[in-house]
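The lines below spell out each chain.
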Amino acid sequence: MQLKDIRSLSKEELVADFLELGEKKFRAEQVYKWVASGCEDFSEMTNISKELREKLSAIYFIPTVKIVKKLVSKLDETVKYLYELYDGERIESVLMKYNHGYTVCISTQVGCRMGCSFCASGIEGLFRNLYPSEMLAQVMKAGTDNGIRVSNIVLMGMGEPLDNFDNVKKFLELVSDPDGLGIGYRHISLSTSGVVPGIYKLGELNLPITLSISLHAPFDDIRSDMMKVNRRWNISELINACKDYQKITGRRISFEYAMIKGKNDTDACAQRLAEILKGVMCHVNLIPVNPVKENDYVKSDQKAIRQFAEKLNGLGINTTVRRTLGGDIDASCGQLRRKYENKGGERYEDLQ
């Protein structure tokens, strides 16, 4: 019999399971609290009988993540993890320290099939989606390994969250549960490369999370060259979806913009970016691009980034430059995993 992933179950689902097994509701609630708080083995559940623990271990398993590699920045205490999953696949996660607390950037897929040219995560393609439990495990492991409480979550690691919509939705429900980690929606950000149908579906949920759009270019020809997803849903379709999302949620949207020298950092790009974002309640986050050996991108110099920001702010678009964290430990998505693996997965073309 295939074991069931207990950490991906809601409390209501676990209660229903227990009642079918002839167990009491309160026992399910006890077990749920153990699992949702980070317990990794049924033997740790000290207020549960040995007989029930053995029964549960024959039916369920508790997915966890094993630390394969851990890098700690000497610059800012950023921690980069390479985790191994139950099936041997590997993912990355990053813990960042801010004045307001600790933020963990988690992966939602093993690899990615979006194929963005500036990102190391998608170079080898997609291998599989992560389960809600495996997303939760990244948050839990970062907390227990460092003896801290994670207060904020960013779904901006390996993978495209909206390409794994159902599992990400379940993760959001579980991680915000007061009986679990209790990290509220307002402390969660979700970043997408521009999967337009997923943005509409996310809008229908009307969750008070922060939506971040990886835009990176204001012209379709430049963006399509950088991001294959733009060949399926262009900038106009993407902005229309953002406006619809905002109409429903009333939430400000963040637009991520990786600054690449000579490609998307021109005055014309700044002007066009302000034009397409006019009327959208938003914030633009300029990001000095991280080097990836598979391309020849060079990050814009500080002067160009400053002028770009000044141009946008002058045109009424709230713009800041992202603080660089973990620059000495390959903290960008996919870089650490690629040092350990070299194989191929599902590509963007399979979306067509």
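Note that the structure is predicted; figures quoted are calculated from it, not measured.

Visitor: What is the right way to read the nonpolar core from this model?
Guide: The nonpolar side chains of a soluble globular protein tend to be buried, and buried together. The biggest cluster of nonpolar side chains holds 98 residues, and the ones touching the most others in it are Ile153, Phe171 and Phe255. Residue contacts for Ile153: discarding those within four places in its chain leaves Val104, Ile106, Val139, Phe171, Val175, Ile183, His187, Ile188 and Ser189.

Visitor: Would you mind showing me how to read unusual backbone geometry here?
Guide: Apart from glycine, the bulk of residues carry a negative phi angle, and the bulk of peptide bonds sit in the trans form. At Asn206, a position not held by glycine, the phi torsion is positive, near 55°. Inspection of the secondary structure assignment puts Asn206 in the loop between α6 (196–205) and β11 (210–214). Backbone geometry at His216 places phi at a positive 70°, although glycine is not the residue there. Along the polypeptide, His216 turns up in the loop between β11 and α7 (220–226).

Visitor: It is not clear to me how the packing of aromatic side chains should be interpreted in this structure. Could you clarify?
Guide: Within this structure, the stated rule accounts for 3 aromatic pairs. Residues Tyr81 and Tyr83 carry aromatic rings whose centres are separated by 5.1 Å and whose planes lie at 10° to one another, so their mutual orientation is stacked. Comparing Tyr81 with Tyr83, the two get one shared label, buried. Positioned above the aromatic ring of Phe165 is the side chain of Lys201, whose terminal nitrogen or guanidinium carbon lies 4.3 Å from the ring centre.

Visitor: I keep staring at helix α1 (residues 11–20) and nothing clicks. Help me out?
Guide: Within the span of α1, buried status applies to Leu14, Val15, Asp17 and Phe18. Each buried residue of α1 lies within a common arc of 160° when the element is viewed along its axis, so the set occupies one face. For α1, the exposed residues lying more than 90 degrees away from the buried face are Glu12, Leu19 and Glu20. In the core, the buried residues of α1 are packed alongside β1 (4–5), α2 (25–36), α3 (50–57) and β2 (60–61). Gly22 sits one or two positions beyond α1 and adopts a positive phi of about 80°.

What counts and how
- Residues numbered from 1 in each chain as written.
- Predicted model: local features only at pLDDT ≥ 70, side-chain atom pairs only at ≥ 80, totals over all residues.
- Heavy atoms only, no water.
- Core = buried A, V, L, I, M, F, W, Y, C linked by side-chain atoms within 4.5 Å.
- Buried < 20%, exposed > 50% of the residue type's maximum accessible area, 1.4 Å probe, protein only.
- Contact = heavy atoms within 4.5 Å.
- Helix = DSSP H or I, 4+ residues; strand = E, 2+ residues; numbered from the N terminus.
- Phe/Tyr/Trp six-rings, centres within 6.5 Å; stacked < 30°, edge-to-face > 60°.
- Lys NZ or Arg CZ within 6 Å of the ring centre and 35° of its normal.
- Arc of directions from axis to C-beta.

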